[in-house]
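As a plain string of letters, each chain reads:
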Amino acid sequence: MAPLSCAGSRVSLSATQRVPVPSTSNNDFRWLWLGQTVSQLGEQSSLVVLPLFAVLTLDVGAGQLGVLRAVEQAPILLLSLLVGAWVDRWRTRTVMVVADVGRTLVLGAAAVAGSLNWLGLPALFVLVFVAGVLSVFFDVAYQSSLVRLVTSDQLVRGNSVLEGSRSAAQIGGPALGGALVTLLSAPVAVASSALLFALSFLSVRRIRRTESVPEHLERSPRVWRQVHEGLRFVAGDSSLRAVCFAAAAFQFFFAATMTVYLLFLPRELHLSGTAVGLALAATGPGALVGALLAARLPGRFGYGRVIVLTAALGDGVFACVPALHGSSATTMAVLLAVNFVFGIAGQLVSVAVMAVRQAATPHGLQGRVAATITFAGMGLAPLGSLFGGFLGQEWGLRTALLVMAVGILLSPALMALSPLARLGRDLG
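The structure reproduced in this document is the subject of the present report. Fair warning: this is a prediction, and the values are worked out from it, not measured in the lab. (Residues numbered from 1 in each chain as written. Predicted model: local features only at pLDDT ≥ 70, side-chain atom pairs only at ≥ 80, totals over all residues. Heavy atoms only, no water.)

1. Describing the environment of F138
Its place among the elements puts F138 in helix 5 (residues 121-149). Under the relative-accessibility criterion, F138 is labelled buried at 0%. Along the primary structure F138 and S39 are separated by 99 residues, whereas in three dimensions their C-alpha atoms are 8.9 Å apart. Excluding its chain neighbours within four sequence positions, the residues that come into contact with F138 are G35, Q36, S39, M96, A99, D100, R103 and S200. (Helix = DSSP H or I, 4+ residues; strand = E, 2+ residues; numbered from the N terminus. Buried < 20%, exposed > 50% of the residue type's maximum accessible area, 1.4 Å probe, protein only. Contact = heavy atoms within 4.5 Å.)

Structure, rendered in structure tokens:
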């Protein structure tokens, strides 16, 4: 298999590796790791809390839930490219701190509004949009921050640690959110997410290293020119182009799948909010296993083979879900297994693809390239959510879920036909 430097990149890896990376203490990386972990826990919890509140309390239909999720994901489509350019101009620690403070205030206000019975569907629309905007800033900044904290030969290991922490958040977040909505109330569940973002803020602000903004970016006032540089770099690299196309296909159908899935579990399978949260939480242990394997498997079998095969396995397991009926122990066992396998495969692909992207990208373009790929992939998520809601309403939840399970396999098919499939064991 061809190494990444032969995959059509406009900038070779050797040039990337010559970019000086600031030294850092172990404590700085620990605070980044802790802040990212807690932030992801709050985000994963809120991703379950808010839709379940709408389904169980406001009794929304498939179409309304699709719109709610589309509003939540719209900031990725609208802002990712600009955020990538801004992050390359700013200090990532500052961006993450401000994003955490903002999410704490927004969700704290939502918790108060919910306790006063003011948290209706219009208020939810506003809430998820503002929280989504702040999450775009945080996610792009933390992905770019790692490159400024570790050397290039530590990227895979660093990504594995951060993705492992994200998987730990996936273990507790959905279960916590589902349990709090069912056993207590939506305002309490929203308040718990606000508290987690506050803890993330306290952790990230402990990073002591002073980041230096690249000099040429300080002199450049034109943000759109910087956005264009990121787009042009990704478009000129055949592997990164393939990542964009595969991510777009995956995120479109995955967003559609989750819109139907969050209705299918309580309404077709008659699962409680706690059971839904536990089923979704099974992704977390799988993702933890996947993060551990990601540090070894690409180096043994090759990045291309691992990315394509694990993506096909993880996406394919969703085809089992439409065949389930009732809330029996067998149903729960299958759901746990499906989400566990999806977590393993998804994390393996995520870590491997992130290492490919970071290795192929010069230091000064990290934020813009991350944002460009996020835009290409997650930018279609709002449309996917609307499509899933429409299909679930018109065709029924079970049929719609089957269609989405087949459609999501387009992503590994695109990767199998791309230069990504030919990547070897060494990205250097």
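Having seen it, we continue.
2. Some details on a nonpolar patch on the surface
Side chains of L77, L78, V126, F129 and V130 sit close together on the surface and give an oily, nonpolar patch of about 400 Å² of accessible area. Contributing elements (two or more residues each) for the nonpolar patch: helix 3 (62-89) and helix 5. The biggest single contributor to the nonpolar patch is helix 5, with 3 residues. Residue position: L78 is located in helix 3. (Patch = residues over 30% accessible without salt bridge, like charges linked within 9 Å, V, L, I, M, F, W, Y side chains within 5 Å. Areas by Shrake-Rupley, 256 points an atom, 1.4 Å probe, with all protein chains shown as cover. Salt bridge = Lys/Arg side-chain N within 4 Å of Asp/Glu carboxyl O.)

3. Details of unusual backbone geometry
Residue H270 is not a glycine yet carries a positive backbone phi of 60 degrees. Turning to its location among the elements, H270 is positioned in the loop between helix 10 (238-267) and helix 11 (273-281). On the basis of relative accessibility, which here comes to 56%, the residue H270 falls in the exposed class.

4. Considering the packing of aromatic side chains
For any pair of aromatic rings, the description consists of the separation of the ring centres together with the inter-plane angle of the planes. All told, the structure shown has 8 aromatic pairs when counted by the stated rule. With a centroid separation of 5.1 Å and 85 degrees between ring planes, the pair formed by F252 and F253 is classed as edge-to-face. Cluster of aromatic residues (ring-pair linked, three or more members): F250, F254, Y261, F318 and F342. Positioned above the aromatic ring of F138 is the side chain of R103, whose terminal nitrogen or guanidinium carbon lies 4.8 Å from the ring centre. (Phe/Tyr/Trp six-rings, centres within 6.5 Å; stacked < 30°, edge-to-face > 60°. Lys NZ or Arg CZ within 6 Å of the ring centre and 35° of its normal.)

5. Some details on the packing of helix 10 against helix 18 (residues 397-407)
Each pair of packed helices gets described by two things: the angle between the helix axes and the distance between those axes. Here helix 10 crosses helix 18 at 150 degrees, and the two axes come no closer than 9 Å. Between helix 10 and helix 18, the angle is such that the two are roughly antiparallel. Crossing geometry of helix 10 relative to helix 18 is assigned as left-handed. The segment helix 10 lies against helix 18, with F253, A256, T257, V260, Y261, L263 and F264 engaging L397, R398, A400, L401, M404 and G407. Per-class residue counts for the contact of helix 10 with helix 18 are 10 nonpolar, 2 polar and 1 charged. (Axes fitted to C-alpha atoms, helices over the stretch in contact; angles between N-to-C directions. Parallel < 35°, antiparallel > 145°, perpendicular 65-115°, else oblique. Left-handed = near helix turned anticlockwise from the far one by under 90°. Nonpolar A, V, L, I, M, F, W, Y, C, P; charged D, E, K, R; others polar.)

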